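Below are the chains, spelled out letter by letter.
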Amino acid sequence: MAEQPVYLDNHATTRVDPRVLQEMLPYFCEEYGNPASISHSYGTRAAEAVEQARQQVADCVGASPREVIFTSGATEASNLALRGVLQAAGAGAGLVTDAAEHRAVLDPARKLKRQGFHLTVLPVDATGRLDPAQVATAITSETTLVSVILASNEVGTLNDLAAIGAICRERGVLLHTDAVQAVGTVPIDFRSLPVDLLSLSAHKFYGPKGTGALIVRRDRGRIRLVSQIDGGGHEQQLRSGTLAVPLIVGFGAACQLVQAEREADAARLGSLRDDLWRRLQQELDGLWLNGHPEYRLPGNLNVSFEGVDGDALLAGLKRIAVSSGSACTSHNPEPSHVLRAMGRSDTLTRASLRFGIGRFNTPAEIELAAAEVVETVRRLRGK
Ligand code: PLP
């Protein structure tokens with residue numbers, strides 16, 4: 001078999017940690033009970049496993065287990081948050097969000113607008129950050145919900161959710177955040193963060209694909225949410241359907257590992273990322289760092305390369321697996337909406353690479369990646 005390219009696309013998805021897989025395995029062929037069918041021990045053991053995972057997920061983000069609503073992932077969680085809150089508020093309700101959100105927020109937001117709800121999409125600055133003052137001006141008497149991403153999946157920029165949340169509290173509106181990319185490396189304390197709803201997804205931090213959660217605050221009165229999937233009343237009537245026990249067990253295990261290893265992972269990833277950036281800068285000119293130089297994810301490096309064709313660049317990189325823009329929309333050849341929102345030209349946006357460094361990357365792989373990029377860019381630039 002041909003040698004596999006070095007995987008540097010950890011924002012798109014991560015490899016399941018073998019320790020997570022070990023925890024999941026018994027739940028396929030041995031402990032296969034339905035947690036809603038508890039008239040026998042198969043069901044009760046499955047229910048116990050789900051509740052243990054619920055506790056692990058809650059602990060990982062500083063929430064309480066009753067605030068965890070399991071979903072199929074973050075797309076579903078964010079759909080439930082946006083549609084659920086606005087539909088509960090009824091006709092005339094409004095949503096404020098920003099142009100650098102993931103499509104899992106922007107697409108339902110636009111659909112809600114077509115259905116008659118009010119929508120404001122705020123601009124971001126050149127680093128991809130949303131200015132909290134903009135949120136303050138955008139909130140009107142119609143606004144019910146603000147939705148702001150915690151960490152960008154494209155450029156790694158971190159938003160100031162404490163400031164944005166304080167404004168939302170003061171103005172009496174709810175705040176949802178897509179925390180998908182942050183969970184693995186940024187400490188999150190839902191108890192102290194002024195956020196009401198938070199989306200997360202296991203496959204972004206070494207858990208399985210197809211499971212995630214919406215955290216719904218319960219300590220400031222009940223948030224009114226309209227369920228989007230009905231049929232059995234699972235998950236506090238908010239998300240019906242038989243729970244995906246093996247995936248949920250893996251989600252819990254991945255959360256437990258994050259809690260134990262987040263700090264060390266973040267430090268290691270940050271130093272690998274800095275090493276990659278240093279190597280590229282040493283050998284190449286005409287580089288543009290995309291994202292905030294300080295408020296950023298440790299494992300993210302997003303760079304635009306002057307003087308190269310973006311498609312040729314991606315196609316030329318045979319020894320590494322990276323993406324340009326968001327992998328979640330890579331079937332769409334449009335340049336990244338996030339880089340565009342940050343004011344990058346279309347040419348530079350197309351000639352950008354997103355390196356997503358993860359738990360399993362080694363210093364030797366980073367060295368190889370830098371050499372591969374330098375060689376390819378030089379070849380394409382004809383020097
Ligand atoms: N939000 C962000 C920031 C993401 O990076 C992704 C990745 O795909 C999603 C949402 C969607 O998550 P999921 O794959 O769990 O639906």
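Parameters and conventions
Residues numbered from 1 in each chain as written. Predicted model: local features only at pLDDT ≥ 70, side-chain atom pairs only at ≥ 80, totals over all residues. Heavy atoms only, no water. 1 Å grid on protein atoms, 1.4 Å probe; cavity = no way out; pocket = protein on both sides within 12 Å on 5 of 7 lines; lining within 4 Å. Points joined across faces, edges and corners; volume = space filled by probe spheres on them. Nonpolar A, V, L, I, M, F, W, Y, C, P; charged D, E, K, R; others polar. Helix = DSSP H or I, 4+ residues; strand = E, 2+ residues; numbered from the N terminus. Buried < 20%, exposed > 50% of the residue type's maximum accessible area, 1.4 Å probe, protein only. Core = buried A, V, L, I, M, F, W, Y, C linked by side-chain atoms within 4.5 Å. Pairing = 2+ DSSP bridges. Axes fitted to C-alpha atoms, helices over the stretch in contact; angles between N-to-C directions. Polar contact = N/O pair within 3.5 Å; in protein donor to acceptor, adjacent residues only side chain to side chain.

Asks: Help me out: how do you make sense of empty space enclosed by the protein in this one?
Replies: Empty space among the atoms can be located by rolling a probe the size of a water molecule over them. Per the stated rule, a full pass over the model turns up 2 cavities of 30 Å³ or more. By volume, the largest cavity is sized at about 150 Å³. Along the walls of the largest cavity sit 13 residues, with Gln 181, Thr 185, Lys 204, Leu 269 and Ile 357 positioned nearest its centre. Classifying every residue of the lining of the largest cavity gives 4 nonpolar, 8 polar and 1 charged.

Asks: Can you walk me through the environment of Lys 111 in this structure?
Replies: The residue Lys 111 is located in helix H5 (residues 103–114) in this model. When its relative accessible area of 38% is taken as the criterion, Lys 111 is described as partly exposed. Each C-alpha atom, one on Lys 111 and one on Leu 150, is 22 Å from the other, the two residues being 39 residues apart in sequence.

Asks: Sorry if this is basic, but what is going on with the nonpolar core here?
Replies: One broad trend across soluble globular proteins is that nonpolar side chains are buried collectively. Ranked by size, the top nonpolar core spans 62 residues in total, and within it Phe 70, Val 146, Ile 188, Leu 200, Phe 205, Ile 215 and Phe 251 carry the most contacts. With 9 residues, the top contributor of residues to this core is helix H8 (residues 245–283). If you look at the next biggest cluster of nonpolar residues, it comprises 27 residues, including Leu 276, Leu 301, Phe 355 and Ile 357.

Asks: Help me out: how do you make sense of the sheet that holds strand E12 (residues 352–356) in this one?
Replies: Sheet strands associate in pairs through backbone hydrogen bonding, adopting either a parallel or an antiparallel arrangement. Ordered in space as E9-E10-E12, the 3 strands form an open sheet in which the pairing is antiparallel. Of all the strands in the sheet, just strand E9 (287–290) and E12 have a single pairing partner and so form its edges. Here the average twist between neighbouring strands, direction ignored, is 25 degrees. Alignment of strand E10 (residues 300–305) against E12, held across 5 bridges, turns out to be antiparallel. Note that in E12 the partner of Ser 304 across the bridge is Ser 352.

Asks: Which parts of the structure should I look at to understand the side chain of Thr 143?
Replies: Its location among the elements puts Thr 143 in strand E5 (residues 143–147). Residue class for Thr 143 comes out buried when judged on its relative accessible area of 10%. A distance of 2.9 Å separates the side chain of Thr 143 from the backbone nitrogen of Thr 140, its partner in a polar contact.

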